[in-house]
Amino acid sequence: MTTRREFLKVSSMFGAGLSIPTTFNIINKPSLKGPIIGHGEHRYRLDKEWGTQKPNRIPVKNCHEMIQDNSGRLILLTDHLKNNIIIYNLDGKVKDTWTLNLPGAHGLTHAEISGEEFLFITDTEINKVYKTTLAGKVMFELSFPRESGVYQEASQWKPTEVAVLPDGSFYVADGYGLNYITKFSAEGEYQHHFGGKGQENDLFDCCHGIALDTRPGKGEELLITSRSTQQFKRFSLDGKHLETIDLNGCSICRPVIRDGLLYFAVIVTKDWWNYDGMVAVLDSDNNIISLPGGTSPLYTQGGLEPPTYDGTSFMNPHDVCIDQDGNIYVPQWYSGKTYPVRLVRV
């Protein structure tokens, strides 16, 4: 599996023969004329114009992740130095922007701790995790966990995602580094770690995303992706492996839970050289029930049959954010500096 860094190194080939789509030129014009994609009860009308802005005023580079705060605003993380954070309303209008000048802003997690809302932001280029207020005030920044004994220098730690417990303690997934999951106290003090790079059930090959499983009946568990092996894995909070779920053909970014369902952005299915990603919706048994942007999910005795991209819907979808009406917002990585697109539930 080609890594993100390897993909960036070979990106010059696009300039030699493959065209990169430019950003859309229509600014926040309501449009519900796109195709309907998805399957079963989870079908959506694709709206590519939803989040588009004037690039000279609100530029983006790569749109990595997106969350919704308690007031309903949609908060997007980009790695553009001018605005790491873009805050939208549901209509796609920008309400605010701010930046921490992070060149490798990658993971964005929303957390409510003791009645206050916070953001946890990871940067894979400067190897840090930040806890901030919604307005961008930094509460603390965290460097590599030397106390773990597995990291000797900051460059080995490339944190991609954070999962936060109700007490404020949190787990950091080192998806682009040594592939350990590290637990920290609410104050950012090292507690323990597990995982590492490998093919075994208790190890990871690109632990790109992590989330606390809040679905009914799941207990206190972690969902962690092993993107390069096209799996996600369930772990107890103390790091015991519970289950591995194979999702053939789906390179998963991070798990997102909403109303008892599990959602993924599938950044690639077969080929990092071409856009072929999609979105996945899973039921409580971790079976895919809809693949917007791809063929209908099919399970056989061998498990999930690898899906096929529809050729038009997405360009490297990197995350999903689901609002209270079941609409999905999709930021995209390395997509010609496009803004997030919206899937309107039908």
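Every chain is numbered independently, its residues counted from 1 as its sequence is written. The predicted origin of the model limits local features to residues at a pLDDT of at least 70 and limits the giving and counting of side-chain atom pairs to 80 or more, whereas totals for whole chains, interfaces and linings rest on all residues. Water and hydrogen atoms play no part in the side-chain values, which are based on all heavy atoms of the structure.

Chemist: Which residues make up the sheet that holds strand β1 (residues 36-39), and what values do they have?
Modeler: Only strands that DSSP links by at least two bridges are regarded as paired with each other. Only DSSP runs of H or I reaching four residues or more are called helices, and only runs of E reaching two or more are called strands; each is numbered from the N terminus. If you trace the five strands from one edge of the open sheet to the other, you get β1-β2-β28-β27-β26, paired in antiparallel fashion. At either end of the open sheet lies a strand with only one pairing partner, and these are β1 and β26 (321-322). As judged from the three bridges shared by strand β27 (residues 328-330) and strand β28 (residues 341-345), these two strands associate in the antiparallel manner. Within β28, the residue paired with Tyr329 across the bridge is Arg342.

Chemist: I'd like a description of the pattern of salt bridges, backed by residues and values.
Modeler: Definition used for salt bridges: Asp or Glu carboxyl oxygen within 4 Å of a side-chain nitrogen of Lys or Arg. The full count for this structure, using the stated rule, is eleven salt bridges. Across the pair Asp213 and Arg215 runs a salt bridge whose closest N-O atoms are separated by 2.9 Å. A salt bridge links Arg258 to Asp259; the nearest nitrogen and oxygen atoms lie 3.8 Å apart. Exposure is judged per residue with a 1.4 Å probe applied to protein chains only, and the accessible area is read against the type maximum: over 50% gives exposed, under 20% gives buried, and values in between give partly exposed. Arg258 sits in the partly exposed class, given a relative accessible area of 24%. Among the ionic contacts, a cluster of salt bridges with common partners joins Glu65, Glu161, Arg254 and Asp319.

Chemist: Outline the sheet that holds strand β11 (residues 161-164), supporting the account with residue identities and numerical values.
Modeler: With antiparallel pairing, the four strands of this open sheet are ordered in space as β11-β12-β13-β14. Lying at the two open borders of the sheet, with one neighbouring strand each, are β11 and β14 (190-195). Across the sheet, the mean angle separating the axes of adjacent strands is 20° when strand polarity is ignored. Pairing of β11 with strand β12 (residues 170-173) involves four bridges; the strand directions are antiparallel. Bridging across to β12, Ala163 finds its partner in Tyr171. All axes are obtained by fitting lines to C-alpha atoms, using only the stretch in contact for helices, and the reported angles, taken between N-to-C directions, cover 0 to 180 degrees.

Chemist: Tell me what's going on with the environment of Pro306, and back it up with residues and numbers.
Modeler: By the element assignment, Pro306 lies in the loop between β25 (303-304) and β26. Accessibility expressed as a relative area gives 44% for Pro306, which makes it partly exposed. Here the alpha-carbon distance between Pro306 and Lys270, two residues 36 residues apart in the chain, equals 8.6 Å.

Chemist: An account of unusual backbone geometry is requested, with residue identities and associated values reported.
Modeler: The backbone of Asn179 shows a phi angle near 70°, a positive value even though the residue is not glycine. Within the secondary structure, Asn179 is located in the loop between β12 and β13 (180-184). Phi at Gln230 takes a positive value of approximately 55°, unusual for a residue other than glycine.

Chemist: Break down the packing of aromatic side chains for me, citing the residues and quoting the values.
Modeler: Pairs were defined over the aromatic rings of Phe, Tyr and Trp, the Trp ring being its six-membered one, requiring ring centres within 6.5 Å. Orientation was assigned from the angle between planes: stacked under 30 degrees, edge-to-face over 60, tilted for the rest. Applying the stated rule across the entire model yields twelve aromatic pairs. When the ring of Tyr151 is compared with that of Tyr180, the centres are 6.0 Å apart and the planes differ by 75°; the resulting orientation is edge-to-face. Of the two residues, Tyr151 is situated in the loop between β10 (138-142) and β11 and Tyr180 in strand β13; the sequence distance between them amounts to 29 residues. Each member of the pair, Tyr151 as well as Tyr180, is classed as buried. Aromatic rings pair up to connect Phe120, Phe140, Trp157, Phe170 and Phe184 into one cluster. Whether a charge sits over a ring comes down to the Lys NZ or Arg CZ being within 6 Å of the ring centre and within 35 degrees of the ring normal. A cation sits over an aromatic face here: Lys131 above Phe118, 4.4 Å from the ring centre.

Chemist: Please set out the pairing of β11 residue by residue, giving values where relevant.
Modeler: Here β11 shows two buried faces, one formed by Glu161 and Ala163 and the other by Val162 and Val164. Counting the residues that bridge the hairpin from β11 to β12 gives five residues, and of these Gly168 lies at a positive phi of roughly 95°.

Chemist: Quick one: what's the story with the pairing of strand β4 (residues 74-78), residue by residue and with numbers?
Modeler: Burial analysis of β4 places five of its five residues in the buried class, which makes it a mostly covered element. Two elements, strand β3 (residues 63-68) and β4, share five bridges in a ladder whose sense is antiparallel. Among the inter-strand pairings, Met66 is bridged to a residue of β4, identified as Leu76. Between β3 and β4, which pair antiparallel and follow one another directly, the connecting turn spans five residues, one of which, Gly72, has a positive phi of 100°. With four bridges connecting them, β4 and strand β5 (residues 85-88) associate as antiparallel partners. Looking at the pairing, Leu74 lines up with Tyr88 of β5. Between the end of β4 and the start of β5, which pair antiparallel, lie six residues.

Chemist: A description of the nonpolar core should follow, citing residues and the corresponding values.
Modeler: Ranked by size, the top nonpolar core spans 38 residues in total, and within it Phe232, Leu247, Tyr263, Phe314, Val320, Ile328 and Leu343 carry the most contacts. Secondary structure elements with two or more residues in this core: β2 (42-47), β21 (261-268), β22 (278-282), β27 and β28. Setting aside residues up to four positions removed in sequence, Tyr263 forms contacts with His42, Tyr44, Arg254, Pro255, Val256, Arg258, Ala280, Val281, Val320, Ile322 and Ile328. Membership of the second largest hydrophobic core comes to 16 residues, among which are Phe140, Val162, Val172 and Tyr180. We define the nonpolar core as a collection of buried residues of types Ala, Val, Leu, Ile, Met, Phe, Trp, Tyr and Cys that are connected through side-chain atoms lying within 4.5 Å of one another. Residue contacts are defined here by distance: any two heavy atoms, one from each residue, within 4.5 Å place the two residues in contact.

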